[in-house]
Amino acid sequence: MSPSRQVPPRVHIYSHHSPAPNTTGPGLAICSQIQAFLDLGFEVDFVHLQVKPSAPPSHFKEISYTAIPLQIGKVPFYVRLLYLVGWPRRFNWRPLFGRSSLLREARARIRKDPDALHVFNYLVTAHIIPALPKTRAIFACHDIETEYLERSYAIVRAAEGRSILRWERRKLRRVEEMECQVVSEAKLVLCVSAAEACQINRRWAISNAAYLPLSVANDTRTIGATVRAPGEPLRLLHLGEVAHFPTLTSLEFLLTRVFPLLDAATLSQLELDVVGKLEIGDPSVEAVMAMARPYPQVRFTGFAPDLEAVYRRNHLQLVASQQATGVRTRIIESWAMGFPVLSTTVGAGGVEQLAPGHNILLVDEPLQFANCLRQLVEDSTSLKAIGDAGRATYDAHFSRPSVASRLRDLLARHVGSQLPHAAELLPEAEQQTA
């Protein structure tokens, strides 16, 4: 080992989501990010901004962990007044992101190790980047948050039958101001979608936003397409937190625009498992469950801790979102498992290397979607080839060596970190995916 490598490089990763391979998209994305830095030889310090106490992540034993409570409470009058005015911008933090010791924790780490990298996930942590000049700060952007907020508000307004409120408009303006400042001052903006990286570069006239693929924990396992026995129903899987707007729009599309087009014989040969966090009492969740009542073959199972068992039970995953941002992590996860996917174009948005009819089934119109399901009920033998092609795509473009190599190049180009090639650090992973 050369003298320059005797002390491993260090990265501090900040997030309000905990890394978790079997949870929602954010948990998977944070896992991928941590793993890529570990694969490049970094020592990883994970700083978890917690809304409520939770156990340290169990997936990574080799990282250090610090929990910081995030307090969401009453905001002082003078802070609210300055937020209304919009200046100085540091007073936009509290009403938008709550109160925590995040800035103090980050500054303490910078003083101790000024050469370390600092990766801030989502604006809830990245909003402090402007207060950390001359820091090797990276913004991990999982969604363009201004757009995410706009779409979330639009769904609520449509449900309530009203126009945009003044406070909603103000919050959108403050979030966009903060987002602009953060992407402009970060050394690098890591995006989960190549399209969103281009959009951020254009929207805020910068050149430091770049795409980083997403890998999946334990990606050496392959489930493949489940063989469907003669006379067995075609079992469909729908994953995602039900109150999340991409999930809501997907289920609404399926239950109100696709299923009504299917004849009784086809419906009798379908089963749909809706798997994901289910907040009973949430108006949007209750509305979706009401849409499903005419269809006894639709089952809401809630959160499932063992997703591998869920995949093994089903034949095909549906991703029918009509509105979405970021990247559809469930498609990449399905590819890693060799599991076939039927999606809309919007539902597959942000996923690179799509080859419709080869590694994914892609249809947009309700009638097309219904016809595809009808054909698969009659003959689902093509699903194995779709799943196999998805796994090959994952190995070539989303595997651990692919992600680590891409991250290494981005760090060298934008942050000045010179690291060995990923192949030198990942011989075992390369052999597994060769």
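Look up: the structure comes first, before these words.
Source: prediction; values computed, not measured.

Procedures and definitions
Counting restarts for each chain, with residues numbered from 1 along the sequence as it is written. It should be noted that, the model being predicted, local features are given only for residues of pLDDT at least 70 and side-chain atom pairs only at 80 or more, the latter also being counted only at that level, while totals for whole chains, interfaces and linings use all residues. Hydrogens and waters are ignored; side-chain quantities use all the structure's heavy atoms. Numbering of helices and strands starts at the N terminus; helices are DSSP runs of H or I of at least 4 residues and strands are runs of E of at least 2. Burial status follows relative accessibility: with a 1.4 Å probe on protein chains alone, a residue under 20% of its type maximum counts as buried, one over 50% as exposed, and anything between as partly exposed. Among buried residues, those of type Ala, Val, Leu, Ile, Met, Phe, Trp, Tyr and Cys that are joined through side-chain atoms within 4.5 Å constitute a nonpolar core. The contact criterion used is simple: two residues touch if any of their non-hydrogen atoms lie within 4.5 Å. Every definition here rests on a 1 Å grid over the protein atoms only: cavities are sets of points where a 1.4 Å probe fits but cannot get out, pockets are open sets enclosed by protein on both sides within 12 Å along at least five of seven lines, and lining residues have some atom within 4 Å of a point. Grid points are joined across faces, edges and corners, and a volume is the space filled by probe spheres set on the points. In the scheme used here, Gly and all other residues not listed as nonpolar or charged are polar, with Ala, Val, Leu, Ile, Met, Phe, Trp, Tyr, Cys and Pro taken as nonpolar and Asp, Glu, Lys and Arg as charged. Following DSSP output, two strands are said to pair if at least two bridges run between them. Geometry is summarised by axes, namely lines fitted to C-alpha atoms with helices restricted to the contacting stretch, and by angles between N-to-C directions that run from 0 to 180 degrees.

(A) Expanded view of unusual backbone geometry. The backbone of Tyr 122 shows a phi angle near 65 degrees, a positive value even though the residue is not glycine. Along the polypeptide, Tyr 122 turns up in helix H5 (residues 122-126). Its relative accessible area of 9% is what places Tyr 122 among the buried residues. The phi angle at Gln 353 is positive, at roughly 70 degrees, despite the residue not being glycine.

(B) Summary view of the nonpolar core. With 37 residues, the main nonpolar core has Phe 120, Ile 129, Phe 139, Val 189 and Ile 200 as its most contacted residues. When residues in this core are grouped by element, the largest group, five residues, is from helix H7 (residues 166-185). In contact with Phe 139, other than residues within four places in its own chain, are Phe 120, Tyr 122, Leu 123, Ala 126, Ile 129, Val 182, Val 183, Ala 186, Leu 188, Val 189 and Leu 190.

(C) Quick peek at empty space enclosed by the protein. A full pass over the atoms with the stated rule returns one cavity of 30 Å³ or more. Of the pockets and cavities examined, the largest cavity occupies roughly 130 Å³. Looking at the largest cavity, the residues that line it are Ala 29, Ser 32, Gln 33, Ala 140, Cys 141, His 142, Leu 190, Cys 191, Val 192, Leu 212, Pro 213 and Leu 214. Secondary-structure elements contributing two or more residues to the lining of the largest cavity are helix H1 (25-39), strand E5 (137-141) and strand E6 (188-191). At three residues, the largest contribution of residues to the lining of the largest cavity is made by H1. Looking at side-chain class alone, the lining of the largest cavity contains nine nonpolar, three polar and no charged residues.

(D) Highlighting the sheet that holds E6. Spatially, seven strands are ordered E3-E2-E1-E4-E5-E6-E7 in an open sheet, and the strand pairing comes out parallel. The sheet is open, and its two edges are formed by strand E3 (64-69) and strand E7 (209-211), each paired on a single side. The average undirected angle you get between the axes of adjacent strands in this sheet is 20 degrees. Bridge analysis of strand E1 (residues 10-15) against strand E4 (residues 117-121) gives four bridges, and the strand direction is parallel. Residue pairing in the sheet places Tyr 14 in a bridge with Phe 120 of E4.

(E) Geometry of the sheet that holds strand E8 (residues 234-239). Overall, parallel pairing links the six strands, which are arranged E10-E9-E8-E11-E12-E13 in an open sheet. Looking at strand neighbours, the two that pair on one side only are strand E10 (298-302) and strand E13 (361-362), the edges of this open sheet. The pairing of strand E12 (residues 341-343) with E13 spans two bridges and is parallel. Bridge assignment links Leu 342 to a residue of E13, and that residue is Leu 361.

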